[in-house]
Amino acid sequence: MNNILEIKNLYKNYQTIDEEVKVLDNINIKVNKGDFLGIVGPSGAGKSTLLSIISGLEKPSSGYIVKDDDITFAYMLQTDTLMPYLTILDNCLLGLKINKKYSKEKELEVIKLLTKYGLKDYINKYPSDLSGGQKQRASLIRALCLSPDILLLDEPFSALDYQNRLNISNDIKDILKKENKSMIIVTHDLSEAISLCSKVIVLSNKPSKIKSIYRIDLDQDKDPINNRMSDEFMKYYKMIWRDLNDK
Amino acid sequence: MISNERKEYLKRIKRNKRIILISQISIIVLFLGIWELLSRLNMIDTFLLSSPTKVFNTIIDLAKSNNLFNHLFTTLKEILISFILGNIIGFTISSILYLFKTLSKILDPYLTILNSLPKVALGPLIIIVSGANTKSIIIMALLISSIISILNINTAFKSTDENRIKLLKTMNASKLQILFHVVIPSNYSQIVDSFKVNISMCFVGVIMGEFLVSKEGVGYLINYGSQVFNMNLVISGIFILIILTIGLYLLISFLERKIKK
Ligand SMILES: Nc1ncnc2c1ncn2[C@@H]1O[C@H](COP(=O)(O)OP(=O)(O)OP(=O)(O)O)[C@@H](O)[C@H]1O
Ligand SMILES: [Mg+2]
């Protein structure tokens, strides 16, 4: 298999003046090229922490992240972070500019994506003019246009209405599939995890271990809504649901 | 089509603004009027407290003898030089302190103490070291303005939203890129505010310096007036300062509006 990322015996404790918080407890994950990995688990389990470690933002307390040096990430953080002093277009171009990957063609690509996700009229507006869902779409485009090898998404659709949620998540799936890219997504929405991902990882309460890993094998060609109505889907849903609630 | 309610609303705002402006002007007119009246009725000692007409005549005389503009020009020049230098120093040092957090923590108590120290106490030292000249005046103004500037901008920089910085880190941005793409633009309005504080601090510093050393400038005019006991001159000097302050204030608000666009 085309293994592009491996998390080995990973532990993470946060050190504060008052105490040591044990968050991640011996996490082992393999990500293959083209994998869509879903991470679910209780609030405070350490899902965001895990993404931060994978992206290099936080250092593990022990254990390794094994990957090629040229593997690139784009990380959409859980909290909305559009710069209020930049237009939506400039916000989306920020990563490209920082990484010196900006070009006129890239800009046209970004404008195309903004148009596709209903933000055409907001290209030259500022974030304060946008609704929560619109902001999330813009942040998503900012991450997407970096064309990373692995896209890290932390609750990317939480502020979107159901319809946008289905359509946009499905689009992203298509875009990444076409380019054979990988994705790791943290979500509270089980249906989302099941319908998007090829593997779903369930974390336990903090200090979290991996409770179980589900390999999802659904007919990928169905449209998202049909996908979610199938018996197969419900089977996965019930299984993971029970697992999540099992203490 | 504008609704009646909206018309009413706009009219009310306009009327309110007009009332405030008229009141503001009335206060100064009333003040000058009472002052003039009291002096004409000999109810105050005009030798000590002068009168609006005397002040007016003194200023006209100064203007005719060309002295006024020399003094004004000198003071303005000193303010401008120290304002520009003070901002450059303040901005550069705050940026450096932002980039080197430990250095910033080490220097923190020194900056705080330096800031609370009454700078006028350093006057004699400055004069002895750099001479009784314009340089001393500017050093005085810089001591006052740049330290506050460093403290203000540094505080603003440190309070930059952590999530914005985190985002840039996910893009593998360097420290310098974080400074220029997030920290400085996030604190645009605080930087402009510190410019505003800075101009008044430079003003204070320059006048203080002129009291101590100069042969020219509005501060000198006031100091000289008091030495020869010419209270007309002293009060005229104060008036000129007030007008200068208003001028600088208008200039800053104008620039602020320009920058914020
Ligand atoms: N910088 C930090 N210092 C100390 N403790 C931290 C820090 N960041 C996170 N924690 C703690 O680590 C634990 C895991 O946090 P994390 O944000 O990864 O959880 P999460 O699974 O993403 O939760 P949620 O679903 O609510 O987003 C929490 O208990 C949190 O309080
Ligand atoms: Mg989280």
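In the block above lies the structure referred to throughout.
First things first, this report covers the structure right here in the doc. (Residues numbered from 1 in each chain as written. Chains lettered and ligands numbered in written order. Predicted model: local features only at pLDDT ≥ 70, side-chain atom pairs only at ≥ 80, totals over all residues. Heavy atoms only, no water.)

## Some details on the interface of chain A and chain B
With 15 residues of chain A at the interface, the matching set in chain B holds 15 residues. Contact between chain A and chain B buries roughly 1400 Å² in total, counting both sides, with carbon and sulfur atoms accounting for 70%. On the chain A side of the contact with chain B, Leu-57, Tyr-85 and Ile-98 of chain A bury the most area, a combined 38% of that side's loss. Run the count over chain A and chain B and you get zero salt bridges. Between chain A and chain B we count three residue pairs in polar contact (both at pLDDT 80 or more) in total. In terms of residue count, the dominant contributor to the side of chain A that touches chain B is helix H2 (residues 88-98) of chain A (three residues). Looking at the side of chain A that touches chain B residue by residue, the classes come out as eight nonpolar, five polar and two charged. (Contact = heavy atoms within 4.5 Å. Buried area = accessible area lost by both parts, 1.4 Å probe. Salt bridge = Lys/Arg side-chain N within 4 Å of Asp/Glu carboxyl O. Polar contact = N/O pair within 3.5 Å; in protein donor to acceptor, adjacent residues only side chain to side chain. Helix = DSSP H or I, 4+ residues; strand = E, 2+ residues; numbered from the N terminus. Nonpolar A, V, L, I, M, F, W, Y, C, P; charged D, E, K, R; others polar.)

## Details of the packing of helix H4 (residues 67-99) of chain B against helix H12 (residues 231-260) of chain B
Residues and elements named next belong to chain B. For the pair H4 and H12, interaxial distance at closest approach is 12 Å and the crossing angle is 45 degrees. The pairing of H4 with H12 is recorded here as oblique in orientation. Considering the relative orientation of H4 and H12, their crossing is right-handed. When H4 is examined against H12, the residues Leu-68, Leu-72, Thr-75, Leu-76, Ile-79 and Phe-83 are found in contact with a partner set consisting of Ile-240, Leu-244, Leu-248 and Ile-252. Of the residues assigned to the contact of H4 with H12, the class counts are nine nonpolar, one polar and no charged. (Axes fitted to C-alpha atoms, helices over the stretch in contact; angles between N-to-C directions. Parallel < 35°, antiparallel > 145°, perpendicular 65-115°, else oblique. Left-handed = near helix turned anticlockwise from the far one by under 90°.)

## Thoughts on the packing of aromatic side chains
This model, assessed by the stated rule, comprises seven aromatic pairs over all chains. For the pair Phe-31 of chain B and Trp-35 of chain B, a centre-to-centre distance of 5.9 Å together with 45 degrees between the ring planes defines the contact as tilted. With Phe-31 of chain B and Trp-35 of chain B both in helix H1 (residues 4-40), this residue pair falls four residues apart, about one helical turn. Here the aromatic rings of Tyr-98 of chain B and Phe-157 of chain B are separated by 6.1 Å at their centres, their planes lie at 85 degrees, and the arrangement is edge-to-face. One end of the pair, Tyr-98 of chain B, is in helix H4; the other, Phe-157 of chain B, is in helix H7 (residues 134-158), with 59 residues separating them in the sequence. Side by side, Tyr-98 of chain B and Phe-157 of chain B carry an identical accessibility label, which is buried. Here the aromatic residues Phe-31, Trp-35 and Phe-239 of chain B are joined through ring pairs into a cluster of three or more. Positioned over the ring face of Phe-36 of chain A is Lys-177 of chain A, at 4.5 Å from the centre of the ring. A cation over an aromatic ring shows up here: Lys-235 of chain A above the ring of Tyr-236 of chain A, its NZ or CZ 5.3 Å from the ring centre. (Phe/Tyr/Trp six-rings, centres within 6.5 Å; stacked < 30°, edge-to-face > 60°. Buried < 20%, exposed > 50% of the residue type's maximum accessible area, 1.4 Å probe, protein only. Lys NZ or Arg CZ within 6 Å of the ring centre and 35° of its normal.)

## Concerning the site of ligand 1
Residue and element names in this part refer to chain A. As a structural note, the neighbourhood of ligand 1 is formed by 13 residues, with Ser-43, Lys-47, Ser-48, Thr-49 and Lys-206 the closest of them. At 2.9 Å, a backbone N or O of Gly-44 approaches an oxygen atom of ligand 1. Between Ala-45 and ligand 1, the recorded distance is 3.2 Å, taken from a backbone N or O atom to an oxygen atom. Starting from 640 Å² of accessible surface for ligand 1 in isolation, the protein chains cover 67%. Grouping the amino acids of the shell around ligand 1 by side-chain chemistry returns three nonpolar, eight polar and two charged. (Near = heavy atom within 4 Å. Areas by Shrake-Rupley, 256 points an atom, 1.4 Å probe, with all protein chains shown as cover.)

## Topic: the coordination of the magnesium ion (ligand 2)
Only Ser-48 of chain A (OG) and Gln-78 of chain A (OE1) from the protein coordinate the magnesium ion (ligand 2), and they sit 1.9 to 2.2 Å from it. Taken as a pair, Ser-48 of chain A in helix H1 (residues 47-55) and Gln-78 of chain A in the loop between strand S5 (73-76) and H2 lie far apart in primary sequence, 30 residues in all. (Donors = N, O, S within 2.8 Å, 3.2 Å for Na, K, Ca; no water.)

## Re the sheet that holds strand S2 (residues 20-32) of chain A
Residues and elements named next belong to chain A. The sheet built from three strands is open, its strands ordered S2-S1-S4 with antiparallel pairing. The open sheet has two edge strands, S2 and strand S4 (62-67), and neither has a second partner. Mean inter-strand twist for the sheet, computed between neighbouring axes without regard to direction, equals 15 degrees. Against the sheet, H1 touches strand S1 (3-15), S2 and S4, its axis set at about 120 degrees to S1. (Pairing = 2+ DSSP bridges.)

## Things to note about the environment of Leu-176 of chain A
Residues and elements named next belong to chain A. Mapped onto the elements, Leu-176 comes out in helix H5 (residues 162-178). Residue classification places Leu-176 among the buried residues on the basis of a relative accessible area of 4%. Considered as a pair, Leu-176 and Pro-148 are 28 residues apart in the sequence and their alpha carbons are 9.6 Å apart. When sequence neighbours within four positions are dropped, the list of residues in contact with Leu-176 reads Phe-36, Leu-144, Leu-151, Lys-181, Ser-182 and Met-183.

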